[in-house]
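# A structural walkthrough
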Amino acid sequence: MIEALIISMGSNEGLVSELEEFFNAAYGPQIAMLKSEFPKKRSLFIDYTELEKWNLEIADMLLTEPDNVVAAANEALARCGIKKMYGYEAHARFFSLPDVKLLIQDIGAAHIDRMIRVEGVVTKRGETKPKVKIAIYKCLNCGAVYK
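Predicted model, so just to flag it, every value in this text is computed and none were measured.

### Let's talk about the pattern of salt bridges
Scanning all chains against the criterion turns up 6 salt bridges. Residue E50 is joined to K53 by a salt bridge in which the shortest nitrogen-to-oxygen separation is 3.8 Å. Linking E50 with K53, this pair stays in helix α4 (residues 48-54), spanning 3 residues, or about one helical turn. Between E75 and R79 there is a salt bridge, and its shortest N-O distance comes to 3.7 Å. Residue E75 and its partner R79 are located together in helix α6 (residues 66-79), separated by 4 residues, close to a single helical turn. Overall, the relative accessible area of 38% leaves E75 in the partly exposed class. The exposure class of R79 is partly exposed, given its relative accessible area of 33%. Sharing partners across several salt bridges, the network here consists of E13, E20, E75 and R79.

### Considering the nonpolar core
Residues L19, F23, L44, I46 and L51 are the most contacted members of the largest nonpolar core, which totals 29 residues. Secondary structure elements with two or more residues in this core: α2 (12-26), α3 (28-37), β1 (43-47), α4, α5 (56-64), α6 and β2 (91-95). In contact with F23, not counting residues within four places along its chain, are G28, I31, L44, I46, A73, A76, L77 and C80.

### So, α6
Over its 14 residues, α6 runs 20 Å from end to end, which matches the ideal 20 Å to within 8%, given 1.5 Å per residue. All of the buried residues in α6 are P66, V69, A72, A73, A76 and L77. Axial view of α6: buried residues confined to an arc of 145°, hence all on one face. For α6, the elements touching its buried residues are α2, β1, α5 and β2. Just downstream of α6, G81 is the residue with a positive phi angle, here 105°.

### Description of the confidence of the model for the chain
Overall, the prediction assigns the chain a mean pLDDT of 84, with 92% of residues at 70 or greater. Every residue in residues 1-9 scores below 50 in pLDDT, and together they form 11 contacts with partners more than four places removed in sequence or on other chains.

### Details of the side chain of N55
Position of N55 among the secondary structure elements: in the loop between α4 and α5. A polar side-chain atom of N55 sits 3.0 Å from the main-chain amide nitrogen of E57. There is a polar contact of 3.2 Å between the side chain of N55 and the backbone nitrogen of I58.

### Description of α5
Taken together, the buried positions of α5 are I58, A59, M61, L62 and L63. The residue sitting at the N-terminus of α5 and contributing the capping side-chain oxygen is N55; that oxygen lies 3.0 Å from the backbone nitrogen of E57.

Parameters and conventions
All residue numbers refer to positions counted from 1 along the written sequence of the respective chain. Local features are withheld for residues below a pLDDT of 70 in this predicted model, meaning they are given only at 70 or higher, and side-chain atom pairs are given and counted only at 80 or more; totals for whole chains, interfaces and linings count all residues. No hydrogens and no water enter the side-chain calculation; it runs on all heavy atoms of the structure. By definition, a salt bridge exists where a carboxyl oxygen of Asp or Glu is found within 4 Å of a side-chain nitrogen of Lys or Arg. Here a strand is any run of E in DSSP of at least two residues, a helix any run of H or I of at least four, and the numbering for each starts at the N terminus. Burial classes follow relative accessibility: with a 1.4 Å probe on protein chains only, a residue under 20% of its type's maximum area counts as buried, one over 50% as exposed, and anything between as partly exposed. We define a nonpolar core as any set of buried Ala, Val, Leu, Ile, Met, Phe, Trp, Tyr and Cys residues linked to one another through side-chain atoms lying within 4.5 Å. Residues count as neighbours in contact if any of their non-hydrogen atoms are within 4.5 Å of one another. To estimate the expected span of a helix, subtract one from its residue number and multiply by 1.5 Å. By definition, the arc is the one covered by directions from the helix axis to the C-beta atoms. As a per-residue measure, pLDDT reflects the predictor's confidence and takes values from 0 up to 100. Between N or O atoms, a polar contact is any pair within 3.5 Å; within protein, one atom must be a potential hydrogen donor and the other a potential acceptor, and residues adjacent in sequence are included only when both atoms are from side chains.

Rendered as C-alpha coordinates:
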(Lines give C-alpha, C1' and ligand atoms only; values in the text may rest on other atoms or scores of the structure.)
Protein backbone atom coordinates (compact mmCIF):
# COMPACT_ATOMS: atom_id res chain seq x y z
CA MET A 1 0.00 0.00 0.00
CA ILE A 2 2.73 2.49 0.97
CA GLU A 3 4.81 1.66 -2.11
CA ALA A 4 1.77 2.08 -4.36
CA LEU A 5 0.99 5.43 -2.73
CA ILE A 6 4.54 6.67 -3.31
CA ILE A 7 4.36 5.66 -6.97
CA SER A 8 0.95 7.27 -7.41
CA MET A 9 2.19 10.49 -5.79
CA GLY A 10 4.60 10.89 -8.68
CA SER A 11 1.59 12.34 -10.44
CA ASN A 12 -0.49 14.97 -8.72
CA GLU A 13 -3.65 12.88 -9.21
CA GLY A 14 -2.79 10.38 -6.47
CA LEU A 15 -1.99 13.16 -4.04
CA VAL A 16 -5.23 15.01 -4.82
CA SER A 17 -7.36 11.89 -4.35
CA GLU A 18 -5.62 11.03 -1.07
CA LEU A 19 -6.17 14.56 0.26
CA GLU A 20 -9.80 14.49 -0.89
CA GLU A 21 -10.30 11.28 1.07
CA PHE A 22 -8.62 12.88 4.11
CA PHE A 23 -10.82 15.98 3.89
CA ASN A 24 -14.01 13.94 3.64
CA ALA A 25 -13.03 11.71 6.57
CA ALA A 26 -11.56 14.28 8.96
CA TYR A 27 -13.13 17.60 7.95
CA GLY A 28 -16.63 16.71 6.72
CA PRO A 29 -18.52 19.14 9.00
CA GLN A 30 -16.05 21.96 8.34
CA ILE A 31 -16.38 21.45 4.58
CA ALA A 32 -20.18 21.51 4.85
CA MET A 33 -19.97 24.78 6.80
CA LEU A 34 -17.52 26.21 4.28
CA LYS A 35 -19.89 25.31 1.43
CA SER A 36 -22.76 27.11 3.14
CA GLU A 37 -20.75 30.25 3.93
CA PHE A 38 -18.75 30.42 0.68
CA PRO A 39 -17.61 32.94 -0.68
CA LYS A 40 -17.84 34.95 2.56
CA LYS A 41 -15.47 32.41 4.14
CA ARG A 42 -13.00 30.84 1.75
CA SER A 43 -10.48 28.88 3.83
CA LEU A 44 -10.40 25.41 5.34
CA PHE A 45 -7.94 25.32 8.25
CA ILE A 46 -6.15 21.99 8.40
CA ASP A 47 -4.26 20.83 11.46
CA TYR A 48 -0.84 19.45 10.48
CA THR A 49 -0.96 16.92 13.33
CA GLU A 50 -4.22 15.48 11.93
CA LEU A 51 -2.64 15.18 8.49
CA GLU A 52 0.40 13.55 10.07
CA LYS A 53 -1.83 10.95 11.76
CA TRP A 54 -3.66 10.28 8.49
CA ASN A 55 -0.61 9.99 6.22
CA LEU A 56 2.93 10.71 7.40
CA GLU A 57 4.32 10.79 3.85
CA ILE A 58 2.00 13.60 2.76
CA ALA A 59 2.73 15.51 5.98
CA ASP A 60 6.47 15.25 5.31
CA MET A 61 5.92 16.22 1.68
CA LEU A 62 4.06 19.34 2.88
CA LEU A 63 7.21 20.49 4.66
CA THR A 64 9.61 19.71 1.81
CA GLU A 65 7.40 20.45 -1.24
CA PRO A 66 4.72 22.87 0.00
CA ASP A 67 3.83 24.24 -3.45
CA ASN A 68 2.78 20.80 -4.74
CA VAL A 69 0.85 19.78 -1.62
CA VAL A 70 -0.98 23.10 -1.19
CA ALA A 71 -1.99 23.10 -4.88
CA ALA A 72 -3.20 19.51 -4.53
CA ALA A 73 -5.11 20.42 -1.35
CA ASN A 74 -6.84 23.31 -3.12
CA GLU A 75 -7.77 20.96 -6.00
CA ALA A 76 -9.09 18.41 -3.49
CA LEU A 77 -11.27 21.13 -1.94
CA ALA A 78 -12.70 21.91 -5.36
CA ARG A 79 -13.47 18.21 -5.82
CA CYS A 80 -15.27 18.20 -2.45
CA GLY A 81 -17.88 20.46 -4.03
CA ILE A 82 -16.58 23.95 -3.24
CA LYS A 83 -16.62 25.46 -6.70
CA LYS A 84 -15.16 28.77 -7.82
CA MET A 85 -17.75 31.53 -7.38
CA TYR A 86 -17.52 35.24 -8.26
CA GLY A 87 -13.84 34.74 -8.99
CA TYR A 88 -13.17 33.31 -5.50
CA GLU A 89 -11.72 29.87 -4.76
CA ALA A 90 -11.50 27.87 -1.56
CA HIS A 91 -8.02 27.59 -0.02
CA ALA A 92 -6.39 25.08 2.31
CA ARG A 93 -4.55 26.68 5.23
CA PHE A 94 -2.23 24.55 7.35
CA PHE A 95 -1.44 25.25 11.00
CA SER A 96 0.33 23.55 13.94
CA LEU A 97 3.46 22.88 11.91
CA PRO A 98 6.31 21.21 13.80
CA ASP A 99 8.26 23.61 15.99
CA VAL A 100 11.94 23.64 15.05
CA LYS A 101 12.86 26.55 17.35
CA LEU A 102 13.90 28.68 14.40
CA LEU A 103 14.30 32.43 14.82
CA ILE A 104 13.61 34.81 11.95
CA GLN A 105 17.25 35.93 11.81
CA ASP A 106 18.34 32.29 11.37
CA ILE A 107 16.34 31.70 8.17
CA GLY A 108 18.74 30.95 5.34
CA ALA A 109 19.17 29.31 1.95
CA ALA A 110 18.45 25.86 3.41
CA HIS A 111 14.87 26.97 4.06
CA ILE A 112 14.07 28.09 0.50
CA ASP A 113 11.05 26.24 -0.97
CA ARG A 114 10.22 24.66 2.40
CA MET A 115 7.35 25.28 4.78
CA ILE A 116 8.66 26.34 8.16
CA ARG A 117 7.29 27.75 11.36
CA VAL A 118 8.92 30.76 12.97
CA GLU A 119 8.07 32.72 16.06
CA GLY A 120 8.88 36.30 16.81
CA VAL A 121 7.76 39.50 18.42
CA VAL A 122 6.85 42.60 16.45
CA THR A 123 8.94 45.41 17.91
CA LYS A 124 8.48 48.09 15.30
CA ARG A 125 6.04 48.91 12.60
CA GLY A 126 6.13 51.54 9.93
CA GLU A 127 3.42 53.58 8.30
CA THR A 128 1.97 52.39 5.05
CA LYS A 129 2.14 54.90 2.27
CA PRO A 130 -0.65 54.31 -0.19
CA LYS A 131 0.21 54.77 -3.85
CA VAL A 132 -3.39 54.98 -5.03
CA LYS A 133 -4.92 58.46 -5.03
CA ILE A 134 -8.33 57.55 -6.47
CA ALA A 135 -9.71 54.01 -6.64
CA ILE A 136 -12.89 52.60 -8.12
CA TYR A 137 -14.20 49.35 -6.68
CA LYS A 138 -16.81 47.12 -8.32
CA CYS A 139 -18.77 44.64 -6.19
CA LEU A 140 -18.57 41.12 -7.64
CA ASN A 141 -21.92 40.16 -6.11
CA CYS A 142 -24.19 43.03 -7.17
CA GLY A 143 -22.09 45.02 -9.65
CA ALA A 144 -22.27 48.29 -7.71
CA VAL A 145 -19.42 50.74 -8.34
CA TYR A 146 -17.82 52.74 -5.51
CA LYS A 147 -15.29 55.56 -5.88
